[in-house]
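# Results of the structural survey
The chain contents come next:
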Amino acid sequence: MNSDSKSQRSAQALRWSSSSPNDGQVLYACAGGDVTLPWSYALDQGDVIVSTEWTFQGESQQLVAASIHGNFFATPSFSGRVQLVPNAGLVLSHVTPEDSGNYSVAVTLHDGSGLIGIPSRRSVTLQVADDLMIADHELQAGQQAEAEYDNSTDQWHAVLTCGRFTYMGDPPLAVEWLTPEGKRLPSTLYSQGFFKLFLPNPVTEGNYTCAITPSSQQHSCAHGNGHQQATVEVNGLTTRLALLEAQLRSESIQKNAVINELKAKVESLQMSCQATTHVAFSARLKDSFFTVTNNQVIILRDVLVNIGHAYDTSTGNFTAPVTGTYYFSAMAAPYGNSKSANVNLRSDSAEMGDFVFNSYAFAESHTQTGSLQGVVRLQKGERVWLNCYSANSYLWSVAPTAFSGFLLYEG
């Protein structure tokens, strides 16, 4: 094992205990009180602490204290105000708002071989207040102009707010509400400096008062200054109109979403239809009478339809422009007494083989017509054609003799 990997292993051996604050966690304290930064860790067998350093980042970075080989000392700026809490924590005494900032600890150790590892670090943010942490030094209650939707009740609710608190994270206190009927309700949630109450439906109009709960007043730093509650009046008509507006706006958004989804599907179908290859042809015998010999390709030159130009009037071949499943049909009518029309559908398809379908018609004293039809799967570039499969076939155009086909679907 090289020295780099050994150092990395030593650094990982320091395990922060579950009682240590999360890295970057926000802690709160009231001015004049004491605050504990409760860092602690566990070591692997053979590991020894070399040093521990605590630093403070406020307007500038300062060293708070250090412990070298077990000897703890505080810097002059913090002398008499910090105490070590085993095994990496600190107690800050008589904190002031100027003590607000980022505190970090760095622990360096070595293992049994004496190799010094990379320092392991943790930090917290401390916020110290000398009064209730609210904007403008006054707790204010109000009603949001817009209602909010609550998934737990599946309803729209009028929302009251209480704040604005200036805590950097979730505040260390709770707010409850006194309703016009004298009921006490807990806040529904805390968001962006405000405790919110989702009013139950139907809404009762009247005065609603928010207040810091007695159990959390000791953490509010308010010192009984009398601004721990505020009142807002709820107008029933205005609130019901706000709820109705929210419901209508939500329904409109949902309808627009459905319309946009349908539009997207239509556009997708249109693009799909535009992208689909269209193939169809129909050709018939141009000459009144036509005699073909055995294995001769029957070329029908009178083309009625040739979408995709897959049928070739010079060869009589249909060449598949795309891989897919095709439908073909043919009719053959002989002319003259005791004459026959022997026609089959052939292909060079590796899957379908050479001979596919056949038709036979024999005329005695009147005209007879034979026909064939079938579904054939072709790869792109494979061909299909009609030919004679007996000594001679005598074809007549009046009946008529024809060859048709089209693409059912690609792929």
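Refer to the structure presented above.
The notes below deal with the structure included here. (Residues numbered from 1 in each chain as written. Predicted model: local features only at pLDDT ≥ 70, side-chain atom pairs only at ≥ 80, totals over all residues. Heavy atoms only, no water.)

### Considerations on the nonpolar core
In terms of nonpolar packing, the biggest core is built from 31 residues, with L132, L160, F165, L173, V175, W177 and L199 touching the most fellow members. Only β2 (25-30), β15 (159-163), β16 (175-178), β19 (194-198), β20 (206-212), β21 (229-234) and α2 (236-275) provide two or more residues apiece to this core. I298, A320, L372 and V376 belong to the second-largest nonpolar core, a separate cluster that totals 27 residues. (Core = buried A, V, L, I, M, F, W, Y, C linked by side-chain atoms within 4.5 Å. Buried < 20%, exposed > 50% of the residue type's maximum accessible area, 1.4 Å probe, protein only. Helix = DSSP H or I, 4+ residues; strand = E, 2+ residues; numbered from the N terminus.)

### Some words on the sheet that holds strand β9 (residues 89-92)
Strand order in this open sheet of 3 strands is β3-β9-β8, and the pairing throughout is antiparallel. Only two strands of the sheet have a single partner each, and these edge strands are β3 (35-37) and β8 (82-85). If you compare each strand with its neighbour and ignore which way they point, the axes differ by 20 degrees on average. Where β8 and β9 come together, 4 bridges link them in antiparallel fashion. Note that in β9 the partner of V85 across the bridge is G89. (Pairing = 2+ DSSP bridges. Axes fitted to C-alpha atoms, helices over the stretch in contact; angles between N-to-C directions.)

### Regarding the pairing of β20
Counting buried positions over the 7 residues of β20 gives 6, a clear majority of the element. Taken together, the 4 bridges between β16 and β20 define a ladder with antiparallel strand orientation. The residue bridging E176 from the neighbouring strand is A211, located in β20. Looking at chain direction, β20 and β21 are connected through 6 bridges and run antiparallel. Across the sheet, the residue bridging to C210 is A230, located in β21.

### Some details on the state of the cysteines
Under the counting rule described, the total for this entry stands at 2 disulfides. The disulfide that involves C30 links it to C221, with 1.9 Å between the sulfurs. Of note, the bridge from C30 to C221 carries an S-S torsion of about -90 degrees and is left-handed in sense. Highlighted residues: C30 in strand β2 and C221 in the loop between β20 and β21, separated in sequence by 191 residues. By relative accessible area, which is 5% here, C221 ends up buried. Here C162 engages in a disulfide with C210; their sulfurs sit 2.1 Å apart. The disulfide joining C162 to C210 has a torsion of about 70 degrees about its S-S bond and is therefore right-handed. You can see C162 sitting in strand β15 and its partner C210 sitting in strand β20, a full 48 residues away along the chain. C210 carries the same exposure label as C162, and that label is buried. In the protein chain, numbering the disulfide-bonded cysteines from first to last in sequence yields the connectivity 1-4, 2-3. (Disulfide = S-S within 2.5 Å.)

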